[in-house]
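Spelled out, the chains give:
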Amino acid sequence: MSAVLRELLCVSEKAANIARACRQQEALFQLLIEEKKEGEKNKKFAVDFKTLADVLVQEVIKQNMENKFPGLGKNIFGEESNEFTNDLGEKIILRLCPTEEETAELLSKVLNGNRLASEALAKVVHQDVAFTDPTLDSTEITIPQDILGVWVDPIDSTYQYIKGSADIKSNHGIFPSGLQCVTILIGVYDMQTGVPLMGVINQPFVSQDLNTLRWKGQCYWGLSYMGTNIYSHQSLISKKNGSEPRSQLTENASSEADSSHHFSAVISTSEKETIKAALSRVCGDRIFRAAGAGYKSLCVVQGLVDIYIFSEDTTFKWDSCAAHAILRAMGGGMVDFKECLDRSLETGLDLPQLVYHVENEGTSGVDRWANKGGLIAYRSSKQLETFLSLLIQNLAPADTRA
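Residues numbered from 1 in each chain as written. Predicted model: local features only at pLDDT ≥ 70, side-chain atom pairs only at ≥ 80, totals over all residues. Heavy atoms only, no water.

Visitor: Provide a residue-level description of the pairing of strand E13 (residues 375–378), including the pertinent values.
Guide: Burial along E13 is two-sided: the face carrying Leu 375 and Ala 377 and the face carrying Ile 376 and Tyr 378 are both buried. Relative to E13, strand E11 (residues 307–310) runs antiparallel, the two sharing 4 bridges. Residue pairing across strands places Phe 310 opposite Leu 375, the latter belonging to E13. Where strand E12 (residues 333–335) and E13 come together, 3 bridges link them in antiparallel fashion. If you follow Gly 333 over to E13, its bridge partner there is Tyr 378. (Buried < 20%, exposed > 50% of the residue type's maximum accessible area, 1.4 Å probe, protein only. Helix = DSSP H or I, 4+ residues; strand = E, 2+ residues; numbered from the N terminus. Pairing = 2+ DSSP bridges.)

Following this line, the structure appears as structure tokens:
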């Protein structure tokens, strides 16, 4: 149902407004500063503010969706608990109240009586947000609501959000760090099959007005269901090479088409040395480092790189579901890295797509929902097959079984 996606776009923009407000309004920004200081004798606030921002965004998304689509709220999942304990030992359940005044009162309890911050934040939480997209507005698709599950990462790349760097320079359009790496991720999946159906990636901090210091954002979405595939910004994605887009770097280097280094990839700064070494033989100098799983996936969606690869097990379903849905709509996807290495290209087996409805066996806590085998995000299945073949050739035998 495209009505669900339209509402997700609205709530993602409200979430982005909350994220921006926490950076722009003095009362809220001071909380961020105070919370990250070390060695303070008198800690003023009961909670880590970045956690409060995360939980507030998550609750706004959950409760707005439940209000519009009764019954959906119980199927919206994320990593945050909404329970806090203040300095008086009071346990407080954070929720979106019916009125701005009630929300401010509840936030005041969480923030130990800081009325200025509580009222400023409550005002943003209760502001109405309108969001339209002509491509989506002209589409009407019916998906049964009772099969829909939702994964939410309310503020991905929290460290970059708290650090708040606004002057980082991009490398071929890719930001290694800074506020541009912050994303709000909402992914909708089929609870019966685990297949991602709809995704929204909201990037709250894209460009800053140097006079007002206010930020503008950008929102990306995709829908893939029963043969219907639509996504935002289609005019921005190159349609060269048939329906399969190629990265800007690949297009700009068309004169080097015969070179073995015709792939580009974005990776984590913590990627294994063995993987980086193999990638350097496949991609040459077209390897970029960036913060945030959501942002790195977005770089693939935007066509800035061909591949996002991560070999570790420290991304989760809420990190990948949104981008996976968008990439599916574009003809790509997101696969299990280790299963790809184990899969013989000659067998003709389907690519091992990530799924979102099954917990990992023998695990507890957040590890239940980890992408245990790592991941590879891509826009073109044909490109991925070629990339995997080259990567496996350049990995030592022990690394392919890692």
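Visitor: A description of the side chain of Thr 103 should follow, citing residues and the corresponding values.
Guide: Checked against the element boundaries, Thr 103 lands in helix H4 (residues 100–110). Ignoring anything within four residues of it in the chain, the contact list for Thr 103 reads Leu 96, Cys 97, Ala 122 and His 126. (Contact = heavy atoms within 4.5 Å.)

Visitor: Now, about the pattern of salt bridges: what can you tell me, with residues and values included?
Guide: Following the criterion strictly, the structure yields 9 salt bridges and no others. A salt bridge links Lys 372 to Asp 313; the nearest nitrogen and oxygen atoms lie 3.6 Å apart. One end of the pair, Lys 372, is in the loop between helix H12 (337–342) and E13; the other, Asp 313, is in the loop between E11 and helix H11 (317–330), with 59 residues separating them in the sequence. Given the relative accessible area of 37%, Lys 372 is considered partly exposed. One connected set of salt bridges, linked through shared partners, spans Glu 105, Arg 115 and Glu 119. (Salt bridge = Lys/Arg side-chain N within 4 Å of Asp/Glu carboxyl O.)

Visitor: Got a sec to walk through the environment of Met 65? Specific residues and values, please.
Guide: For Met 65, the position within the fold is in helix H3 (residues 49–68). Judged by relative accessible area, Met 65 falls into the buried class, the value being 0%. Considering only alpha carbons, one finds Met 65 and Leu 8, 57 residues apart in sequence, at a separation of 7.5 Å. Excluding its chain neighbours within four sequence positions, the residues that come into contact with Met 65 are Val 4, Glu 7, Leu 8, Val 11, Leu 72 and Ile 76.

Visitor: Report on the packing of helix H10 (residues 293–301) against H11, specifying residues and quantitative values.
Guide: Angle between the axes and distance between the axes: these two values describe a pair of packed helices. One can describe the packing of H10 onto H11 by two numbers: an axis separation of 9 Å at closest approach and a directional angle of 5°. Relative to H11, H10 is oriented roughly parallel. Residue-level contacts link Ala 293, Ser 297, Val 300 and Val 301 of H10 to Asp 319, Ala 323, Ile 326, Leu 327 and Met 330 of H11. Of the residues that constitute the contact of H10 with H11, the class distribution is 7 nonpolar, 1 polar and 1 charged. (Axes fitted to C-alpha atoms, helices over the stretch in contact; angles between N-to-C directions. Parallel < 35°, antiparallel > 145°, perpendicular 65-115°, else oblique. Nonpolar A, V, L, I, M, F, W, Y, C, P; charged D, E, K, R; others polar.)

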